[in-house]
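What follows is each chain in one-letter form.
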Amino acid sequence: MKKYNFGAGPSILPQEVMKATADACVEFGDMGLSLMEISHRTKEFQAVMDEAQALFKELLDIPEGYSVLFVGGGASLEFCMVPYNLLEKKAAYLNTGVWAKKALKEAKLFGEVVEVASSADANYTFIPKDYEIPADADYFHITTNNTIYGTELRQDLDSPVPLVADMSSDIFSRPVDVSKYGLIYGGAQKNLSMAGVTFVIVKDELLGHVSRTIPTMLDYRTHVDKGSMFNTPPVVPIYCALQNLKWIKAQGGVKEMERRAHERADLLYAEIDRNPLFKGTAAKEDRSLMNICFVMADEYKELEADFLKFAQSKGMQGVKGHRSVGGFRASCYNAMPLEGVQALVDCMKEFEDLHKKA
Ligand SMILES: *Cc1c(COP(=O)(O)O)cnc(C)c1O
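Just so it is clear, the structure is predicted and the values come from calculations on it, not from any experiment. (Residues numbered from 1 in each chain as written. Predicted model: local features only at pLDDT ≥ 70, side-chain atom pairs only at ≥ 80, totals over all residues. Heavy atoms only, no water.)

J.: What am I meant to see in the nonpolar core here?
T.: It is characteristic of soluble globular proteins that their nonpolar side chains tend to be buried jointly. In terms of nonpolar packing, the biggest core is built from 58 residues, with Phe56, Phe140 and Phe172 touching the most fellow members. The contacts of phenylalanine 172, once residues within four sequence positions are left out, are Phe56, Leu59, Leu60, Asn191, Leu192, Leu245, Ile248, Val254, Met257 and Asn334. In terms of nonpolar packing, the next biggest core, distinct from the first, is built from 37 residues, Ile292, Phe310, Phe328 and Met348 among them. (Core = buried A, V, L, I, M, F, W, Y, C linked by side-chain atoms within 4.5 Å. Buried < 20%, exposed > 50% of the residue type's maximum accessible area, 1.4 Å probe, protein only. Contact = heavy atoms within 4.5 Å.)

Written out as structure tokens, the structure is:
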């Protein structure tokens, strides 16, 4: 049976990306050695790093004056590195979910933090829009896609202070106007690569302005100066990212990724809204194209476990919602084919035929 992976992360990658990465783990190019056993200082690996950074910049049309870094630690370490490097007195955060809240918590270790708005009281079902960004903040932090709650901010905001964004789960799903951001980061394992590497896009002129001493490994300048080669970088995840970046380019780039994301999301949300057994959880105007969250309609609540079992029996993997939302979450990252979403929609229709009350 064909399986479709709707898991939120680590998540689906194109078959050819996984295949090329697996091949390189056995034999890298014509070196007669595995990618896993060669030095990161070889010219062969340096070429991988250079091409990955160049393609990253090309696909997102990143302007001059920004560096692309590949580091370890996950997005979670960035929650701490961002304030370590940028927070002198005060930072502003938009609280749109569990990840945003974790980022905010870390920032409090370094200075004053203003929560400009929060949708916590509504279980993060929407993204607040009415708020003021303090003009004296060192930066304003947002989470563009709230992986757990299925809300997404797809515009590049205007901010009077440097804008910092966690784009872990929607990077490369749309064109981004990078010039509006001071820093963008994310774990790779949602829409870029396998777990183990973290990407950071940083505007160089933002660095070096805080008065505290920053430990070497946590200082972005170390990684900018050394081209992400200060210490041994996660070579296999970086190679995997490069394969995926090549795949995105071959498909038509981020514009095409955006078109496909809309196509998939339109199909699934239309079924959620039509099918009387289900209902969406996020405010319509803030619905994520990446993580599509839904639950059983009230009068069908008792069927939740049955639907999960039914969907799984049809090859739908990872559609269980996060425990803080319940229900279902279909993650539709770049590599999810439209036919996967169609298969899930067919499954929902079939389930309706079996269980719809008269
Ligand atoms: C998954 C996720 C994280 C955490 O990433 P790690 O790499 O596991 O630390 C942070 N932010 C968002 C938006 C995520 O989806």
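J.: Looking at this structure, I do not really get the domain arrangement of the protein chain. What am I missing?
T.: By a frequent convention, interface size equals the accessible area lost on bringing the separate parts together. Taken domain by domain, the protein chain holds domain 1 (15-251) and domain 2 (253-355). Computed over C-alpha atoms only, the centres of domain 1 and domain 2 are separated by 27 Å. Taken together, the 27 residues of domain 1 in the interface contact 27 residues of domain 2. In total, domain 1 and domain 2 occlude about 2,200 Å² of area from one another, counting both sides; carbon and sulfur atoms represent 53% of this. (Domains from an automatic or database assignment. Buried area = accessible area lost by both parts, 1.4 Å probe.)

J.: What is the right way to read the site of the ligand from this model?
T.: For the ligand, the set of nearby residues contains 14 residues, the closest of which are Ser76, Thr147, Asp166, Gln189 and Lys190. Taking threonine 147, its side chain carries an N or O atom lying 2.4 Å from an oxygen atom of the ligand. Here a nitrogen atom of the ligand and a side-chain polar atom of aspartate 166 are 2.6 Å apart. Within the complex, 88% of the 390 Å² of free accessible area of the ligand lies under protein. No other element matches the 4 residues that helix α3 (residues 74-86) contributes to the shell around the ligand. (Near = heavy atom within 4 Å. Polar contact = N/O pair within 3.5 Å; in protein donor to acceptor, adjacent residues only side chain to side chain. Areas by Shrake-Rupley, 256 points an atom, 1.4 Å probe, with all protein chains shown as cover. Helix = DSSP H or I, 4+ residues; strand = E, 2+ residues; numbered from the N terminus.)

J.: How do you make sense of the side chain of threonine 147 when you look at a structure like this?
T.: Note on placement: threonine 147 falls in the loop between β6 (145-146) and β7 (151-152). The exposure class assigned to threonine 147 is buried, which follows from its relative accessible area of 5%. The contacts of threonine 147, once residues within four sequence positions are left out, are Ala8, Trp99, Ser169, Asn291, Arg329 and Tyr333.

J.: When you look at α3 in this model, what are you seeing that I'm missing?
T.: At 3.6 residues per turn, the α-helix brings residues three or four places apart onto the same side. The terminal C-alpha atoms of α3, which comprises 13 residues, lie 18 Å apart, in line with the 18 Å expected from a rise of 1.5 Å per residue. At cysteine 80, α3 shows its largest bend, some 25°, and a proline, proline 83, comes one to four positions later. When you tally the buried positions in α3, you get 10 out of 13 residues, the bulk of the element. Taken together, the buried positions of α3 are Ala75, Glu78, Phe79, Cys80, Met81, Val82, Pro83, Tyr84, Asn85 and Leu86. (Expected span 1.5 Å × (residues − 1). Bend = angle between axes of the 7 residues up to and from the residue.)

J.: Whenever I open this one, the pattern of salt bridges confuses me. Can you help?
T.: Summed over all chains, the structure comprises 21 salt bridges. Close ionic contact of aspartate 23 with lysine 19 constitutes a salt bridge, the shortest N to O distance being 3.4 Å. In this pair, aspartate 23 and lysine 19 both sit in helix α1 (residues 15-26), 4 residues apart, roughly one turn of the helix. We classify aspartate 23 as partly exposed; its relative accessible area is 39%. Among the residues examined, lysine 19 registers a relative accessible area of 53% and is labelled exposed. Between aspartate 136 and lysine 90 there is a salt bridge whose closest N-O contact spans 3.1 Å. Of the two residues, aspartate 136 sits in the loop between β4 (112-118) and β5 (140-143) while lysine 90 sits in strand β3 (residues 90-95), which places them 46 residues apart along the sequence. When its relative accessible area of 51% is taken as the criterion, aspartate 136 is described as exposed. (Salt bridge = Lys/Arg side-chain N within 4 Å of Asp/Glu carboxyl O.)

J.: Could you clarify how one ought to interpret the pairing of strand β10 (residues 198-203) in this entry?
T.: Consecutive side chains of a regular strand alternate in pointing toward one face of the sheet and then the other. Counting buried positions over the 6 residues of β10 gives 5, a clear majority of the element. With 6 bridges joining them, strand β2 (residues 66-71) and β10 adopt antiparallel strand pairing. Along β10, the bridge assignment pairs valine 71 with threonine 198. With 5 bridges joining them, strand β9 (residues 183-187) and β10 adopt antiparallel strand pairing. Along β10, the bridge assignment pairs glycine 187 with threonine 198. (Pairing = 2+ DSSP bridges.)

J.: For this particular structure, what's the right way to read the pairing of strand β12 (residues 291-296)?
T.: For β12, a buried count of 6 out of 6 residues is recorded, marking the element as mostly surrounded by other parts of the structure. For strand β11 (residues 278-280) and β12, the ladder comprises 3 bridges, and the chain directions are antiparallel. In the sheet register, phenylalanine 278 faces β12, and the bridge partner there is methionine 296.

J.: Can you walk me through the state of the cysteines in this structure?
T.: In protein structure, a disulfide is the covalent linkage between the sulfur atoms of two cysteines. Summed over the entire model, instances satisfying the criterion amount to 0 disulfides. Here cysteine 293 is not disulfide-linked; the sulfur of cysteine 332 is the nearest cysteine sulfur, at 10 Å. A relative accessible area of 4% means that cysteine 293 is categorised as buried. The cysteine cysteine 347 is free of any disulfide, with cysteine 332 supplying the nearest cysteine sulfur at 14 Å. (Disulfide = S-S within 2.5 Å.)

J.: Hey, could you run me through the sheet that holds strand β14 (residues 328-331) in this one?
T.: Hydrogen bonds between backbone groups are what pair the strands of a sheet, and the pairing can be parallel or antiparallel. Judged by pairing direction, the sheet is antiparallel, and its 3 strands sit side by side in the order β11-β12-β14 without closing on themselves. With one partner strand each, in any of the chains shown, β11 and β14 form the two edges of the open sheet. Each strand axis lies, on average, 35° off the axis of its neighbour in the sheet, ignoring direction. In this fold helix α7 (residues 253-274) packs onto β11, β12 and β14, with an angle of close to 15° to the strand it touches most, β12. (Axes fitted to C-alpha atoms, helices over the stretch in contact; angles between N-to-C directions.)

J.: Looking at this structure, how should I read unusual backbone geometry?
T.: Negative phi characterises most residues that are not glycine, and trans characterises most peptide bonds. Between glycine 9 and the following residue, proline 10, the backbone shows a cis peptide bond with an omega angle of -10°. Summarising the element assignment, proline 10 is placed in the loop between β1 (4-5) and α1. Look at serine 228: it is not a glycine, yet its phi comes out positive at around 60°. Turning to its location among the elements, serine 228 is positioned in the loop between α5 (220-225) and α6 (235-251).

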